[in-house]
Amino acid sequence: MELRDIEIFLALAEELHFGRTAERLHISQARVSQAIKKQERRIGAALFDRTSRSVTLTPVGEVLRVELQQAYDLIHGGLARATEAALGVRGTLRLGVMGVLGSELRPLIDRFRARYPDCDVDIVEIHFSDPFALLRTGGADVQLLWRPVHEPDLTVGPTVLTEGRVLAVATGSELAGRESVSMEDLAGRTVLDPGPLTPDYWFEAMVPKVTESGRPVPRGQVVRTFHELLAQLAAGQLICPLNAHVRRYYTPPGITFLPIHDAPATQWALVWPTAAENARLRAFVQTATDVGPRPVSDRVG
């Protein structure tokens, strides 16, 4: 079976309409019919049931669809990888990060640029209120996100940064004078609501709805950006667990950062759309694997 005939069969199996299939492939409807009849004669059985109102796959056609789709995907995957190899690793990789974490990735980015001088890295900002949007709209090729990430269309790669956590409170809070706090101190105190675009499981890994002992942690006002959060914190409207690097990069007036002595460590991993892998991305992930995870310093100054 020729590759074009395979494409026609698979397109018709998806569209289940001869006219739409012809339009999609930019060929005549007669060409679609000829290709299908040719394969039916070769196989000795009907691949589609046709009526004046509908087109459906026969059981034999469904078996052929599954087998040919696998073969077609392998062929095109091999051609794409060969094309990438011929072109080399070049172009621009868009890396999504939250806030200042791009600075913490300098060793990785510098190593990548040294290995692949024809490829650059652009940093794009992402927000916790919609963490996967840029990956799904093509605005970022790969992102740095805290684990866990359980999204069926995304691949979670190596951990590149690790760090502890702090609790951000208003300087006038009764918690502010402590040397450290516990996750249990969240109980009964209002934390932010990241909004409907943030998966519960992902945000609760940072800001739980209940403490380990089962005491509720109420959600307050919807906050969509880190700077909105800082304003709410300073006003004493809420408290919030944050990653410890904020103590190094931010000194906002009216806010105190307290170590959380029993918080789990944050693991920052590379995450990308499974269907969008390319030579640049694979090279970047391999470089990250070679560099290995690095602890983030929260030292001020």
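Our subject is the structure that appears above.
Report follows, based on the coordinates. (Residues numbered from 1 in each chain as written. Predicted model: local features only at pLDDT ≥ 70, side-chain atom pairs only at ≥ 80, totals over all residues. Heavy atoms only, no water.)

Another point: the side chain of serine 129. Its location among the elements puts serine 129 in the loop between strand S4 (119–125) and helix H7 (133–137). Given a relative accessible area of 8%, serine 129 falls into the buried group. The contacts of serine 129, once residues within four sequence positions are left out, are Pro194, Leu197, Thr198, Val223 and Arg224. (Helix = DSSP H or I, 4+ residues; strand = E, 2+ residues; numbered from the N terminus. Buried < 20%, exposed > 50% of the residue type's maximum accessible area, 1.4 Å probe, protein only. Contact = heavy atoms within 4.5 Å.)

Now for the packing of helix H6 (residues 106–115) against helix H11 (residues 279–291). Running from amino to carboxyl end, H6 crosses H11 at an angle of 125°, the nearest separation of the two axes being 10 Å. On the basis of their axis angle, the class for H6 and H11 is oblique. Note on packing geometry: the crossing formed by H6 with H11 is right-handed. Packed against H6, whose contacting residues are Leu108, Arg111, Phe112 and Arg115, the element H11 presents Arg280, Ala283, Phe284, Gln286, Thr287, Ala288, Asp290 and Val291 at the interface. Looking at side-chain class alone, the contact of H6 with H11 contains six nonpolar, two polar and four charged residues. (Axes fitted to C-alpha atoms, helices over the stretch in contact; angles between N-to-C directions. Parallel < 35°, antiparallel > 145°, perpendicular 65-115°, else oblique. Left-handed = near helix turned anticlockwise from the far one by under 90°. Nonpolar A, V, L, I, M, F, W, Y, C, P; charged D, E, K, R; others polar.)

Each pocket or cavity is described by its volume, and for the largest pocket that value is around 380 Å³. Taken together, 25 residues form the lining of the largest pocket, with Met98, Phe128, Trp146, Phe226 and Leu242 sitting closest to its centre. Sorting the residues of the lining of the largest pocket by element identifies helix H9 (226–234) and strand S10 (240–243) as the ones contributing at least two each. (1 Å grid on protein atoms, 1.4 Å probe; cavity = no way out; pocket = protein on both sides within 12 Å on 5 of 7 lines; lining within 4 Å. Points joined across faces, edges and corners; volume = space filled by probe spheres on them.)

For the rest of this paragraph, the subject is the side chain of glutamine 39. Mapped onto the fold, glutamine 39 is located in helix H3 (residues 29–43). Beyond its immediate chain neighbours, meaning those up to four positions away, glutamine 39 contacts Met1, Asp5 and Leu47.

Here proline 259 shows up in strand S11 (residues 255–259). Sequence separation of proline 259 and asparagine 243 is 16 residues, and the distance between their C-alpha atoms is 9.7 Å. Setting aside residues up to four positions removed in sequence, proline 259 forms contacts with Arg165, Val166, Glu179, Ser180, Val181 and Arg247.

Another aspect to go through is the packing of aromatic side chains. Following the criterion strictly, the structure yields eight aromatic pairs and no others. When the centroid spacing of 6.2 Å and the interplanar angle of 35° are considered together, the rings of phenylalanine 128 and phenylalanine 203 count as tilted. With phenylalanine 128 in the loop between S4 and H7 and phenylalanine 203 in helix H8 (residues 200–204), this residue pair connects regions lying 75 residues apart in the sequence. Here phenylalanine 128 matches phenylalanine 203 in class, with each residue buried. (Phe/Tyr/Trp six-rings, centres within 6.5 Å; stacked < 30°, edge-to-face > 60°.)

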